[in-house]
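Coordinate analysis (summary)
Next come the chains, spelled out residue by residue.
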Amino acid sequence: GRRGLYSGASGLQIAYLSGTEAQQEPAPAYSFSAKDVAELKMSLLSTPSFKGVDILLTSPWPWGAETFGNSAGEIDTKKCGSKLVSDLAASLKPRYHFAALEKAYYERLPYRNHTVLQESPQHVSRFIALAEVGNPGKKKYLYAFSIVPMSMMDPAELVKQPQDVTENPYRKLQKAAQKSRTPLPAEEEPASQFFFDLKKHQGKKRPSDGKERGNSQPKQARKPPQPTGPCWFCLASPEVEKHLVVSIGTHCYLALAKGGLLPDHVLILPIGHYQSVVDLSSDVVEEVIKYKSALKEFFKSKGKRYVLFERNYRSQHLQLQVVPLPLDQCTSEEIKESFIAQAEEQQIELLEIPEHTDITQVVQSGTPYFYVELDTGEKLFHRIRGRFPLHFGRSV
Ligand SMILES: [Zn+2]
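Residues numbered from 1 in each chain as written. Predicted model: local features only at pLDDT ≥ 70, side-chain atom pairs only at ≥ 80, totals over all residues. Heavy atoms only, no water.

Under an unreviewed UniProt entry, the protein chain has the name CWF19-like protein 1 and belongs to Indicator maculatus. Note on the protein chain: under the UniProt heading Sequence similarities (unreviewed entry), the record states "Belongs to the CWF19 family." (UniProt positions renumbered as here; feature names shortened; annotations may be inferred.)

Across its full length, the protein chain holds nine helices and 16 strands. Split into buried and exposed, the 396 residues of the protein chain put 45% on the buried side. For the protein chain, the share of sequence-separated contacts (at least 6 apart) that also reach a separation of at least 24 residues comes to 67%. Surface accessibility of the protein chain: about 20900 Å² in total, with carbon and sulfur atoms responsible for 54%. (Helix = DSSP H or I, 4+ residues; strand = E, 2+ residues; numbered from the N terminus. Buried < 20%, exposed > 50% of the residue type's maximum accessible area, 1.4 Å probe, protein only. Contact = heavy atoms within 4.5 Å. Areas by Shrake-Rupley, 256 points an atom, 1.4 Å probe, with all protein chains shown as cover.)

This structure, assessed with the given rule, holds 20 aromatic pairs. Measuring from centroid to centroid gives 6.5 Å for Y96 and Y143, while their planes differ by 50°, and the two rings are tilted. Taken together, the positions of Y96 in strand β6 (residues 96-99) and Y143 in the loop between β8 (126-129) and α4 (155-158) put the pair 47 residues apart, joining distant regions of the chain. What makes Y96 buried here is its relative accessible area of 13%. (Phe/Tyr/Trp six-rings, centres within 6.5 Å; stacked < 30°, edge-to-face > 60°.)

Moving on to a negative patch on the surface. Where like charges cluster on the molecular surface, the negative patch consists of E333, E334, E337 and E344. With respect to the helices and strands, the residue E344 is situated in helix α8 (residues 332-345). (Patch = residues over 30% accessible without salt bridge, like charges linked within 9 Å, V, L, I, M, F, W, Y side chains within 5 Å. Salt bridge = Lys/Arg side-chain N within 4 Å of Asp/Glu carboxyl O. Lys, Arg positive; Asp, Glu negative; His and termini not counted. Charge placed at Lys NZ, Arg CZ, Asp CG, Glu CD.)

Another point: the coordination of the zinc ion. Coordination of the zinc ion by the protein involves C231 (SG), C234 (SG), H273 (ND1) and H317 (ND1), with metal-donor separations of 2.0 to 2.3 Å. Within one chain, the residues donating to the zinc ion are spaced in sequence as C-x2-C-x38-H-x43-H. With C234 in the loop between α6 (198-201) and β9 (245-248) and H273 in the loop between β11 (266-270) and α7 (282-301), this residue pair connects regions lying 39 residues apart in the sequence. A single burial state applies to C234 and to H273, both of which are buried. (Donors = N, O, S within 2.8 Å, 3.2 Å for Na, K, Ca; no water.)

To continue, consider helix α1 (residues 34-45). Spanning 12 residues, α1 covers 16 Å between terminal C-alpha atoms, matching the ideal 16 Å at 1.5 Å per step. Every buried residue of α1 is listed here: D36, V37, L40, K41 and L44. Angularly, the buried residues of α1 cover 130° about the axis, an arc narrow enough to put them on a single face. Every exposed residue of α1 that faces more than 90 degrees away from the buried side is listed here: K35 and M42. Packed against the buried residues of α1 are β1 (3-7), β2 (13-17), β4 (31-32) and α3 (83-92). (Expected span 1.5 Å × (residues − 1). Arc of directions from axis to C-beta.)

Another point: the sheet that holds β1. Reading across the sheet, the six strands line up as β1-β2-β5-β6-β8-β7 and stay open at both edges, with mixed pairing between neighbours. Sheet topology places β1 and β7 (106-107) at the edges, where each strand pairs with a single neighbour. By the bridge criterion, four bridges tie β2 to strand β5 (residues 55-58) in an arrangement that is parallel. Across the sheet, the residue bridging to A15 is L56, located in β5. (Pairing = 2+ DSSP bridges.)

Remark: a regular strand shows side chains that alternate across the two faces of the sheet. Looking at chain direction, β9 and strand β10 (residues 252-256) are connected through three bridges and run antiparallel. Paired with S247 across the strands is L254, a residue of β10.

Moving on to a positive patch on the surface. Taken together, K78, K172, K175 and K242 make up a surface patch of like positive charges. When you line up the elements, K175 lands in helix α5 (residues 171-181). You can call K175 partly exposed: its relative accessible area is 34%.

This brings us to the nonpolar core. If you look at the biggest cluster of nonpolar residues, it comprises 26 residues, and the most contacted ones within it are W61, L88, L92 and F127. Elements with a contribution of two residues or more to this core: β2, α1, α3 and β8. Looking at this core, the element that brings in the most residues is α3, giving six residues. Not counting chain neighbours up to four residues away, the residues in contact with L88 comprise L17, V37, L40, K41 and L56. In this structure, V277, L295, V322 and Y371 belong to the second largest nonpolar core, which totals 24 residues. (Core = buried A, V, L, I, M, F, W, Y, C linked by side-chain atoms within 4.5 Å.)

As a further point, take the pattern of salt bridges. Across all of its chains, the model carries 16 salt bridges by this definition. Between K336 and E352 there is a salt bridge, with the nearest N and O atoms lying 3.0 Å from each other. Note that K336 is positioned in helix α8 and E352 in strand β14 (residues 351-353), a separation of 16 residues in sequence. Residue classification places K336 among the buried residues on the basis of a relative accessible area of 7%. Relative accessible area serves as the criterion here: at 44%, E352 is assigned to the partly exposed category.

One can describe the packing of α1 onto α3 by two numbers: an axis separation of 10 Å at closest approach and a directional angle of 5°. On the basis of the axis angle, α1 is roughly parallel to α3. Facing α1, whose interface residues are A34, V37, L40, K41, L44 and L45, α3 presents L84, D87, L88, S91 and L92. The class makeup of the residues in the contact of α1 with α3 is eight nonpolar, one polar and two charged. (Axes fitted to C-alpha atoms, helices over the stretch in contact; angles between N-to-C directions. Parallel < 35°, antiparallel > 145°, perpendicular 65-115°, else oblique. Nonpolar A, V, L, I, M, F, W, Y, C, P; charged D, E, K, R; others polar.)

Looking now at the environment of S247. Within the secondary structure, S247 sits in strand β9. For the pair formed by S247 and I268, sequence separation is 21 residues and the distance between their alpha carbons is 9.6 Å. Within polar-contact distance, the side chain of S247 engages the side chain of Y291 at 2.6 Å. (Polar contact = N/O pair within 3.5 Å; in protein donor to acceptor, adjacent residues only side chain to side chain.)

Structure (structure tokens):
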């Protein structure tokens, strides 16, 4: 067929895409189309544990293969390469990708499948193009190698990075493709553009699978859930505006607010995808606390104090808004009062919760809420039932 996956008895997985990229629809028998690529991707990527395939075989070279790498000589992949093949290679993360259509030998330097400092290391990919069998120019047409299926490999061994590893040549292309599919976020409310079914989660505790924490048990580290659409705050996501990032920790990062209230309005965000403070695992919470105290110290040195708020409503990725205010212009008592007064005016019930009460004791995961924290540790909380003004925190 045009596409498929072959799994050997050894566990070796070989994916293939047959023919050339179709220039018209319907694709002729000797061609593949975007649909073939999408279906091949879907059949593999739908497996949650999918890490990549061992080998990918395609006829055309991928478009832009030499980007960040060594030159492909006389072959100009931007003329002959297939963007669909690049997209497939970027998603399937083959350890070896072979193509032969250009009748030339080219071995690209290995490239990474992860973003350094933002994602945990993954195995590298190697693109190798071979010439036609028995060609008179004696260009290389055989490639001998031994390979242990990735499913049999020690994870640490698998992700070892060779010294000559380069950046991923296809990321930019993927990013561009994603950008053209999704509209740019509005300045202030990117979250409102997510697919988000509020009713689905409201008031219900998420199903417990044993790994989830009970009320009395300490929170266990677990893999953050994946976003349902593109996320502008997952640090690994191509949507993140990296020029706004100020500091990156192990579990959290700090970014300037886009369209901030003040030039030093910052956000504390988890690197992985978490919806709210309530969903954070304990190691992430610990780092949030560290960031808070570092910011408190920092702003103090600038003659300021901060007020922090979170709106877990119509937002998909936790954003702790940290807004600094000059010490000589308001006391924390005054800040608190203005929140309470504004809330009263809009008939929002903003309750003070005891200082040493953790927010997870007040609200369950999945419940929408708005929450304010002062640098004194005082906390105000509103459980959102029905509608809530999205700009409430900002306007106060
Ligand atoms: Zn996210």
